[in-house]
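Take a look at the letters that make up each chain.
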Amino acid sequence: MTKKKVPFDPKSLKFLTAVSSAEYSKPTLKMGALIASVFDASHGVVYVGERASEFHGSSVNLTRQNLDNWNIIHPGLEVLEWALQELKKLSPENEELAKIQFNPDHVYEEDGRVRVMLPDDKGCRIELVLREGELVDQLRKEIQLEGYDLAIIGGSQNKRHLAHSILQYLPSSIFVLQKFNPRKKYKLLLLVDDSIATIKSIEWGALIAEKLGWPVRTLTVSKTKRFGAGYQGAADKAKAYFDSRGIEVEQFFLTGDPVRTFVEFAGDNHFVIMGASTLNPVKQFLFGSKPIKTLEQTDVPILIVR
Amino acid sequence: MNSYIDILFWIRQKKWLLIALVYGMLMHHFVTPPPDLNPAAFDALIIISMALILIVTEPLPLPAIAMFMLFMQVVLGIDTANNVASSFMNDAVFFIMGSLMLAVAIVSQGLDKRLALGIITLTGHKTWRIVAGFTAISAILASFIGEHTVAAMMMPVGLTLVRYAHKDPRKVAGLTAALLFSIAYGATIGSIGTPSGGGRNVIMMNYWAEFGAGSVTYLEWIKYVYPMVLFQIPFTVFILLWTFKPEQSNLDSAVRKLVVDVARAGKIKGREWLAIILFFLVFLGWVFLSEAFGLGIIALLGVFLYLSFGLVEWQELNRKTNWGVILLFGAAISIGIQMNQTGAAEWIAHVIITNLGKVIDSPAILQGSVSVLLTGVMSNILSSSATVAVVGPIVLDLGGDQILIGFATAIASAFGYFTAVAAPACTIIYSSGLVKSKDFLRAGWKMGVLSLVSLLGLSLLWWPLL
């Protein structure tokens, strides 16, 4: 069951970062840790590995148990061990985190997943989880089980064709780190319209901008030259909200196809934040939605707030 | 809103189940069977094609697919509940059940450390000799105790050597692949050597009996097939060294560390001797008593002895045995028998012969090439044992010598070199995360050619002499 959370209750937000390997997931994990610290959220790290065909599943399990006797750990646990070491490096000031030791023998199988027990975790709120199976299915199960508010997924795991499934079926906000470069200075680009989800995305955007010090732009796109009261009002409210928090914001109003305009404007130096679609799920399934199409077409990091 | 998403997600996850069900309903209700195919045979073919869709795409757990195959036979009126139940359980299923349990019992004894020491003593420190030793030992052991057991025991030895050779196995990718594939391909080429090498061999023996083709003893099987195992070993070593080119030609330091590691296990203990003796007794039972008692019954007797002597706990066997696979093979053999009894297998064989007979003149070449190619291709998509369970009844109806066609099919079912799903040994090394799908293709096509040439040589040069 998904647990309902009050947004920005500092100790109640839960973020989940999906990692695949030490080779490819370093930027994802780094951003995941940064965002979790920005929101003071607890941080789960999940590795989703391939599941062996059911025909040979028991032979693979038998081999793995035998490998344990030789102190050779499951490849997924190796990735989680690496993730814990990386998290320690990213927060050298965190003494509590530094005390946590990874022990591959301290794992606990429950609800179709393997959870690494961290006995020395004194309030660091770190979870390390190993799952096997199809990516979207396993992430959905993990998010539902633990009630995560945000799932952070690397661009390599996005694989564009999964964009539809990720946005339609994962019951949390989604942050996809496509071509994310931790050394690059991004501008925060908020896509503003009159939907309910925009309000929440503005709140998330303001918090990120405050903590990271990134310049903020808002973009409102209308299909016609006339901007209705709803769009204008939403843009004004967004500006007022940022002003109230002392954050400077540049406003842009453009005309054209919304998705194409978002993508062209975002270029390669923006970090996009937009609200999730409020369309009926069946319509989204059949025709897609603005966030789905934007995610499919853009190459920049994108946060879709639900 | 959420319930809509749940329904859509269920559809996404189960789309192949829905496709299979719609396909089955359309075929049953709207397609008229060909005039020379009776309705029961047509329904048997519908069930088996639906089951194939479900097995390949896995929208359901294997036991659910097994149950589907069983109840559909009764629901569609192909046979009565009692007849379906009696065709479900036979000696081949006993053998699969017994060999899966024996694998758990043997692997849990920790004999792999002795095995590691034995291999290293034989091969020395040179990489090519270790690859050759791994291939040969895996092949010979797998021919008697099954490839999944051998791969489970050899994997730690291979991985330990790799890790001692370099901290990061990815930096010695060639060495890693050569060692792991020597285990997988060695076990795979060995698994054809005797009936106990793989469940598929026993399934074929069961079909021979069902089709009235006669029987083959354990020793006769060895006489027909083992030369191919021995012939393939050196060529497999050459292919692996040629394809993966190990970065280190000598594993001196890694071997020394491995020896220190395994030496900690101390001298061989009484319980380990007992485990070896019991397996030897099972082996003798397979060789000398299987005609009277059946291979499956002897495997179960072996499990009984391991349990009686306290070498393995029932809880451990229960937890680690893949009951889903046992159910699935029972159901697959049951529908295979229906394919024979309803005439469905004969009809497919007739269609193949009629159509391909226009292209290939010689019946012997036609029968051989269809059985080998069909089995070889399907085993890379399904799994080797499932392929024999499905294809067996068809190829035995192609005509010609059913025993020789059966041998060719059982051998070709081990040609699953191209993917990680075909053979348990291949899935096991793939699960290490250290070999990639493309590695299976790089070495697999060469192994495929080797095995095809070896089988051709065996059938043309060796079998006529017997």
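Criteria and cut-off values
- Residues numbered from 1 in each chain as written.
- Chains lettered and ligands numbered in written order.
- Predicted model: local features only at pLDDT ≥ 70, side-chain atom pairs only at ≥ 80, totals over all residues.
- Heavy atoms only, no water.
- Helix = DSSP H or I, 4+ residues; strand = E, 2+ residues; numbered from the N terminus.
- Rg over C-alpha atoms; globule rule 2.2 N^0.38 Å.
- Buried < 20%, exposed > 50% of the residue type's maximum accessible area, 1.4 Å probe, protein only.
- Phe/Tyr/Trp six-rings, centres within 6.5 Å; stacked < 30°, edge-to-face > 60°.
- Contact = heavy atoms within 4.5 Å.
- Buried area = accessible area lost by both parts, 1.4 Å probe.
- Salt bridge = Lys/Arg side-chain N within 4 Å of Asp/Glu carboxyl O.
- Polar contact = N/O pair within 3.5 Å; in protein donor to acceptor, adjacent residues only side chain to side chain.
- Nonpolar A, V, L, I, M, F, W, Y, C, P; charged D, E, K, R; others polar.
- Pairing = 2+ DSSP bridges.
- Expected span 1.5 Å × (residues − 1).
- Arc of directions from axis to C-beta.
- Patch = residues over 30% accessible without salt bridge, like charges linked within 9 Å, V, L, I, M, F, W, Y side chains within 5 Å.
- Areas by Shrake-Rupley, 256 points an atom, 1.4 Å probe, with all protein chains shown as cover.
- 1 Å grid on protein atoms, 1.4 Å probe; cavity = no way out; pocket = protein on both sides within 12 Å on 5 of 7 lines; lining within 4 Å.
- Points joined across faces, edges and corners; volume = space filled by probe spheres on them.
- Domains from an automatic or database assignment.
- Axes fitted to C-alpha atoms, helices over the stretch in contact; angles between N-to-C directions.
- Parallel < 35°, antiparallel > 145°, perpendicular 65-115°, else oblique.
- Left-handed = near helix turned anticlockwise from the far one by under 90°.

Asks: What exactly am I supposed to notice about the overall build of chain B here?
Replies: In terms of regular secondary structure, chain B is built from 23 helices and zero strands. Over its C-alpha trace chain B gives a radius of gyration of 23 Å, about what one expects of a compact globule, namely 23 Å for 466 residues. If one aligns the C-alpha atoms of chain B with their principal axes, the spans along those axes are about 70 × 70 × 45 Å. The 466 residues of chain B split such that 58% are buried.

Asks: Could you clarify how one ought to interpret the packing of aromatic side chains in this entry?
Replies: Any aromatic ring pair is given by two values, namely how distant the centres are and how the planes are angled relative to each other. Residue and element names in this part refer to chain B. Tallying each qualifying case throughout the model produces 33 aromatic pairs over all chains. With 6.4 Å between their ring centres and 15° between their planes, Tyr-218 and Trp-286 make a pair best called stacked. Of this pair, Tyr-218 sits in helix H12 (residues 218-244) while Trp-286 sits in helix H14 (residues 270-293); the two residues are 68 residues apart in sequence, bridging distant segments of the chain. Classification of Tyr-218 by relative accessible area gives buried; the value is 0%. Accessibility expressed as a relative area gives 2% for Trp-286, which makes it buried. Joined through ring pairs, the aromatic side chains of Phe-95, Phe-144, Tyr-218, Tyr-226, Phe-279, Phe-280, Phe-283 and Trp-286 make up one cluster.

Asks: How do you make sense of the interface of chain A and chain B when you look at a structure like this?
Replies: Size of an interface: often given as the accessible area lost when the parts come together. Counting residues at the interface gives 36 residues for chain A, matched by 49 residues for chain B. Between chain A and chain B, the buried area comes to about 3,500 Å², and carbon and sulfur atoms account for 63% of it. On the chain A side of the interface with chain B, the three residues burying the most area are A:Glu54, A:Phe55 and A:Trp70, jointly 24% of the side's total. Our count for the chain A to chain B interface comes out at four salt bridges. Here A:Arg140 ties to B:Asp6 by a salt bridge, and the two come within 2.6 Å at their closest N and O atoms. The tally of links from chain A across to chain B stands at nine residue pairs in polar contact (both at pLDDT 80 or more). Sorting the residues of the side of chain A that touches chain B by element identifies helix H2 (57-69), helix H3 (75-90), helix H5 (135-146), helix H7 (163-169) and helix H11 (281-287) of chain A as the ones contributing at least two each. Broken down by element, the side of chain A that touches chain B gets its largest block of residues, 11 residues, from H2(A). Residue composition of the side of chain A that touches chain B, grouped by class: 15 nonpolar, 13 polar and eight charged.

Asks: Looking at this structure, how should I read the pairing of strand E5 (residues 126-132) of chain A?
Replies: Where a strand is regular, its side chains alternate between the two sheet faces. All names here are of chain A. Counting buried residues along E5, five of its seven residues qualify, which places the element largely inside the surrounding structure. Alignment of strand E2 (residues 42-49) against E5, held across seven bridges, turns out to be parallel. Bridge pairing in E5 places Gly-49 opposite Glu-132. Inspection of the sheet shows strand E4 (residues 113-116) paired to E5 by three bridges, in the antiparallel sense. In the strand pairing of E5, Val-116 is matched with Leu-128.

Asks: Is there a simple way to explain helix H2 (residues 15-30) of chain B in this structure?
Replies: Residues and elements named next belong to chain B. With 16 residues, H2 should reach 22 Å at 1.5 Å per residue; the first-to-last C-alpha distance of 22 Å fits that figure. The set of residues buried in H2 consists of Leu-17, Ala-20 and Gly-24. Burial along H2 is one-sided: seen end-on, the buried residues are contained in an arc of 65°. The outward face of H2, more than 90 degrees from its buried face, is lined by the exposed residues His-29 and Phe-30. Of the surrounding secondary structure, the elements contacted by the buried residues of H2 are helix H3 (39-57).

Asks: I tried to follow a nonpolar patch on the surface on my own but got confused; where do I start?
Replies: On the surface, a cluster of nonpolar side chains totalling about 510 Å² of accessible area is made up of A:Val282, A:Phe285, A:Leu286, A:Phe287 and B:Tyr4. Examining the composition of the nonpolar patch, we find that four residues originate from one element, H11(A), more than from any other. Position of A:Leu286 relative to the elements: it lies in helix H11.

Asks: Could you clarify how one ought to interpret empty space enclosed by the protein in this entry?
Replies: Where empty space is left becomes clear once a probe the size of a water molecule has been rolled over the atoms. Taken as a whole and judged by the stated rule, the model has six cavities of 30 Å³ or more. Roughly 300 Å³ of internal volume is contained in the largest cavity. Taken together, 24 residues form the lining of the largest cavity, with B:Leu100, B:His148, B:Gly199, B:Ser385 and B:Pro424 sitting closest to its centre. Counting residues per element, the ones that place at least two in the lining of the largest cavity are H2 of chain A together with helix H6 (91-107), helix H9 (147-165), helix H11 (199-210), helix H17 (323-342) and helix H20 (384-396) of chain B. Top contributing element to the lining of the largest cavity by residue count: H6(B), with four residues. Across the lining of the largest cavity, the residue classes tally to eight nonpolar, 14 polar and two charged. Computed from the structure, the second largest cavity encloses a volume of approximately 60 Å³. Taken together, A:Arg64, A:Leu67, A:Ile72, A:Ile73, A:His74, A:Pro75, B:Met155, B:Leu159, B:Arg163, B:Ser431 and B:Ser432 make up the full set of residues lining the second largest cavity. Listing elements by their share of the lining of the second largest cavity, those giving two or more residues are H2 of chain A together with H9 of chain B.

Asks: Explanation requested: the environment of A:Pro301 in the structure shown.
Replies: All names here are of chain A. Among the secondary structure elements, Pro-301 is positioned in the loop between helix H12 (290-297) and strand E12 (302-305). With 234 residues separating them along the chain, Pro-301 and Leu-67 place their C-alpha atoms 39 Å apart. Contacts of Pro-301, omitting those with residues within four sequence positions, involve Phe-175, Val-176, Leu-177, Gln-178, Phe-180, Tyr-186, His-270, Phe-271 and Val-272.

Asks: What's the story with the domain arrangement of chain A in this structure? I'm lost.
Replies: Residue and element names in this part refer to chain A. The domain boundaries assigned to chain A delineate domain 1 (14-177) and domain 2 (187-305). Summarising the inter-unit geometry, the C-alpha centres of domain 1 and domain 2 are found 29 Å apart. On the side of domain 2, 24 residues touch domain 1, which itself brings 20 residues to the contact. Contact between domain 1 and domain 2 buries roughly 1,900 Å² in total, counting both sides, with carbon and sulfur atoms accounting for 70%. Counting every contact that joins domain 1 to domain 2 gives zero salt bridges.

Asks: Can you walk me through the sheet that holds strand E9 (residues 216-222) of chain A in this structure?
Replies: The strands making up a sheet associate through backbone hydrogen bonding, with each pair oriented either parallel or antiparallel. All names here are of chain A. If you walk across this open sheet you meet the 12 strands as E3-E4-E5-E2-E1-E6-E7-E12-E11-E8-E9-E10, and the pairing is mixed. One side of each edge strand has no neighbouring strand; the edge strands of this open sheet are strand E3 (107-110) and strand E10 (249-255). Adjacent strand axes in the sheet meet at a mean angle of 20°, parallel and antiparallel pairs treated alike. Sheet topology note: the strand E1 (residues 14-19)/E2 ladder contains six bridges and is parallel. By the bridge assignment for E2, Lys-14 is matched with Ser-42.

Asks: Looking at this structure, I do not really get the packing of helix H19 (residues 363-381) of chain B against H20(B). What am I missing?
Replies: Residue and element names in this part refer to chain B. In the contact formed by H19 and H20, the axes pass within 9 Å of each other and the chain directions differ by 150°. The orientation of H19 relative to H20 falls into the category roughly antiparallel. The crossing of H19 and H20 is right-handed. Here H19 contributes Ser-371, Leu-374, Thr-375, Met-378 and Ser-379 to the contact with H20, which in turn contributes Ser-384, Thr-387, Val-390, Val-391 and Val-395. Looking at the contact of H19 with H20, its residues break down into five nonpolar, five polar and no charged.

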